Amino acid sequence: QVQLVESGGGLVQAGDSLRLSCAASGRTFSVIHMGWFRQAPGKEREFVAAISWSGSNTYYADSVKGRFTISRDNAKNTLYLQMNRLKPEDTAVYYCAAQAANVGIATIPSAYNYWGQGTQVTVSS
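An account of the accompanying structure is given in this report. What you see is a predicted model; the values in this text were computed from it and never measured.

### What about the overall build of the protein?
Each helix and strand counted, the protein has zero helices and eleven strands in total. If you list the helices and strands of the protein from N to C, you get β-β-β-β-β-β-β-β-β-β-β. Against the globule reference of 14 Å for 125 residues, the protein gives a C-alpha radius of gyration of 14 Å, in line with a compact fold. Overall, the protein is about 40 × 30 × 25 Å in size when its C-alpha atoms are taken along their principal axes.

### Description of the pairing of strand S11 (residues 119-124)
Only one face of S11 is buried: it carries Thr 119, Val 121 and Val 123, and the other face, with Gln 120, Thr 122 and Ser 124, is open. With four bridges joining them, strand S2 (residues 10-13) and S11 adopt parallel strand pairing. In the sheet register, Gly 10 faces S11, and the bridge partner there is Val 121. Of the pairings in the sheet, the one linking strand S9 (residues 92-99) to S11 comprises three bridges and is antiparallel in character. Opposite Tyr 94, over in S11, you have Thr 119 as the bridge partner.

### Topic: the packing of aromatic side chains
Aromatic ring pairs are defined here through the distance separating the ring centres and the angle between the ring planes. Tallying each qualifying case throughout the model produces four aromatic pairs. On the numbers, 5.8 Å between centres and 75 degrees between planes, the contact of Phe 37 with Phe 47 is edge-to-face. With a gap of ten residues between them, Phe 37 in strand S4 (residues 33-39) and Phe 47 in strand S5 (residues 46-51) connect regions that are remote in the sequence. Here Phe 37 and Phe 47 have matching classes, each one buried. On the numbers, 6.2 Å between centres and 65 degrees between planes, the contact of Tyr 112 with Trp 115 is edge-to-face.

### Overview of the environment of Gln 3
If you trace the backbone, Gln 3 turns up in strand S1 (residues 2-7). What makes Gln 3 partly exposed here is its relative accessible area of 39%. It is 8.4 Å that separates the C-alpha atoms of Gln 3 and Arg 27, two residues lying 24 residues apart in sequence. Setting aside chain neighbours within four positions, we find Gln 3 in contact with Ala 23, Ala 24, Ser 25 and Gly 26.

### Points about the pattern of salt bridges
Counted by the stated rule, this structure contains four salt bridges. Notably, a salt bridge pairs Asp 90 with Arg 38, separated by 3.0 Å at the nearest N-O pair. Linking Asp 90 in the loop between strand S8 (78-83) and S9 with Arg 38 in strand S4, this pair joins segments that are 52 residues apart in sequence. Since its relative accessible area comes to 5%, Arg 38 is described here as buried.

Scoring rules and cut-offs
- Along every chain, residues carry numbers that run from 1 in the direction the sequence is written.
- Reporting of local features is limited, given that this is a predicted model, to residues whose pLDDT is at least 70; pairs of side-chain atoms are given and counted only at 80 or more, and all residues count toward the totals for whole chains, interfaces and linings.
- Water and hydrogen atoms play no part in the side-chain values, which are based on all heavy atoms of the structure.
- In DSSP terms, a helix is any run of H or I states spanning at least four residues, a strand is any run of E spanning at least two, and both are numbered starting from the N terminus.
- A radius of gyration in this sense is built from C-alpha atoms; the matching globule rule multiplies 2.2 Å by the number of residues raised to 0.38.
- Buried residues are those whose accessible area, probed at 1.4 Å on protein chains only, stays under 20% of the maximum for their type, while exposed residues exceed 50% and partly exposed ones sit between those limits.
- We call two strands paired when DSSP finds no fewer than two bridges between them.
- Aromatic contacts are taken between Phe, Tyr and Trp rings whose centres are within 6.5 Å, Trp giving its six-membered ring; a plane angle under 30 degrees counts as stacked, one over 60 as edge-to-face, and the others as tilted.
- What makes two residues a contact is simply this: any of their non-hydrogen atoms within 4.5 Å.
- Criterion for a salt bridge: a side-chain nitrogen of Lys or Arg within 4 Å of a carboxyl oxygen of Asp or Glu.

Laid out in structure tokens, this is it:
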């Protein structure tokens, strides 16, 4: 029903910036809240950031607070993640996700209905 495609990942050095995008297609009118998650090799998928439909409410993991900014452009059906002052520990596959249920913003993966294929972000020291 809803397809999500991430882009913008790549290889950068510590201290650099990167902007991830997530394009939504299909029945996008059913999407309410959206979020970003990441998963490093051998680690569990962890919450990064989430945003309400209107963009009025945002939530961030402590590890990225102050460095990352989540935003969305509903007219373009696109979600963004601006990542500044990147650190080697930010290296992971980043996934965007969409929440369809009319509930509050969730920070756990199981609450999201649609997922992208992921985009690799590698930060060298």
